Amino acid sequence: MKKFIYYILCSCCAIGALTSCEKDLEVYDTDTCWLNFYYDILGRYQYEEKMSKTSYSFVYGSSDRQRDTVWLEMKAIGKVYDHDRAIQLEQVPTDGVQAVAGKHFVAFNDPSVAHLYVMPAGKSQTKIPIIVLRDPSLKNEIVNLKLEIRANENFVPGYPEYSYRYLSITDMLSEPSYWNHVFPYPGYAEFGYTLCFADDYFGPYGVVKHQFLIDHTGLKFDDEFIYKTMIEDLNDDYLSYLVKKMRKVLAEVNAERQAQGLDVLKEADGTEVSF
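Everything numeric in this text was worked out from a predicted model, so none of it was measured.

Asks: Whenever I open this one, the layout of surface pockets confuses me. Can you help?
Replies: In this approach the atoms are scanned with a rolling probe the size of a water molecule, which exposes any empty space left behind. Approximately 960 Å³ is the volume found for the largest pocket. Along its surface, the largest pocket is lined by 30 residues, and T54, V70, W71, D223 and E224 are the ones closest to its centre. Of all the elements in the fold, those that place two or more residues in the lining of the largest pocket are β2 (53-57), β3 (67-77) and α5 (223-232). Of all the elements, β3 adds the most residues to the lining of the largest pocket, at six residues. Considering only enclosed or pocket space, the second largest pocket measures out at about 390 Å³ in volume. Residue lining of the second largest pocket: 18 residues in total, with K53, N144, Y166, S168 and S177 positioned closest to the centre. Contributions of two or more residues to the lining of the second largest pocket are made by β2, β9 (143-150) and β11 (164-170). Residues belonging to the lining of the second largest pocket are distributed by class as follows: five nonpolar, nine polar and four charged.

Asks: What is the right way to read the sheet that holds strand β1 (residues 34-37) from this model?
Replies: Strands belonging to one sheet form pairs held by backbone hydrogen bonds; the direction of such a pair is parallel or antiparallel. The strand order β8-β3-β1-β10 describes an open sheet built from four strands, whose pairing is mixed. Here the strands that pair on one side only, and so sit at the sheet edges, are β8 (125-133) and β10 (156-157). Sheet topology note: the β3/β8 ladder contains nine bridges and is antiparallel. Pairing of L72 across the sheet is with I128, part of β8.

Asks: Mind showing me how you'd approach helix α4 (residues 207-217) here?
Replies: Think of an α-helix as 3.6 residues a turn; residues three or four steps apart then line up on the same face. Here α4 has its buried residues at K209, H210, F212 and L213. In an axial view of α4, the angular spread of the buried residues amounts to 160 degrees, which keeps them on one side of the axis. Those residues of α4 that are buried are in contact with α3 (197-202) and α6 (236-259). Positive phi appears at G218, one or two residues downstream of α4, with a value of about 80 degrees.

Reading the values: the criteria
Residues numbered from 1 in each chain as written. Predicted model: local features only at pLDDT ≥ 70, side-chain atom pairs only at ≥ 80, totals over all residues. Heavy atoms only, no water. 1 Å grid on protein atoms, 1.4 Å probe; cavity = no way out; pocket = protein on both sides within 12 Å on 5 of 7 lines; lining within 4 Å. Points joined across faces, edges and corners; volume = space filled by probe spheres on them. Helix = DSSP H or I, 4+ residues; strand = E, 2+ residues; numbered from the N terminus. Nonpolar A, V, L, I, M, F, W, Y, C, P; charged D, E, K, R; others polar. Pairing = 2+ DSSP bridges. Buried < 20%, exposed > 50% of the residue type's maximum accessible area, 1.4 Å probe, protein only. Arc of directions from axis to C-beta. Contact = heavy atoms within 4.5 Å.

So, in structure tokens, the structure goes:
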């Protein structure tokens, strides 16, 4: 009975303390709204620099596709309003060949798309489109687009590390941004466990290897595929199975090539394809 009374008294004290804390909290009363790019898992694991990079290649789609859409997620911090709020983005210089508005992508302020760059009424999170264009130059080069959030009457940039995104655009097979990325192992990241698509499964990237994987699995092995298999529904058994299967198929292909007097599969620099 004494223990029961003790628990009741403790509970009352705790409730009283919580009530007191609630009364001491200041009322949220600021009109400032901050805007960030949202990287899904990144708030928990600090890999912002690499995860801010996204790649797109027209090579995965149909040969007659002339434009496509890359969706980037954004999240606001602050009040939610009952009307649409315009989002302002700007292209800024970055490394490599610069993407050109009107040639490689549709400018953010183009009248045909400007109305799409908004935070919808009643929302604090949305996806905005980057319309990429299939210029013939992309058959021979990769162009880079860096976009940053700019302040306007609705938003100011939030955390600096979430205020920009990179997008590489091409019409060739190229190394996906996530190929050599270190991912936190779901459920064990706090203990330092990580996984790398390259190091733990398929090895260093190569265009010939990439094409081989596409040809013999029917899968794209692009950023979307890597992210899904490494984060959304990580299945080590499935990935290990794919690696073993590709080793077996590669051995068969190389045997056939050698029987025909050809060399084993190699990259352009002479590196033998392996898993």
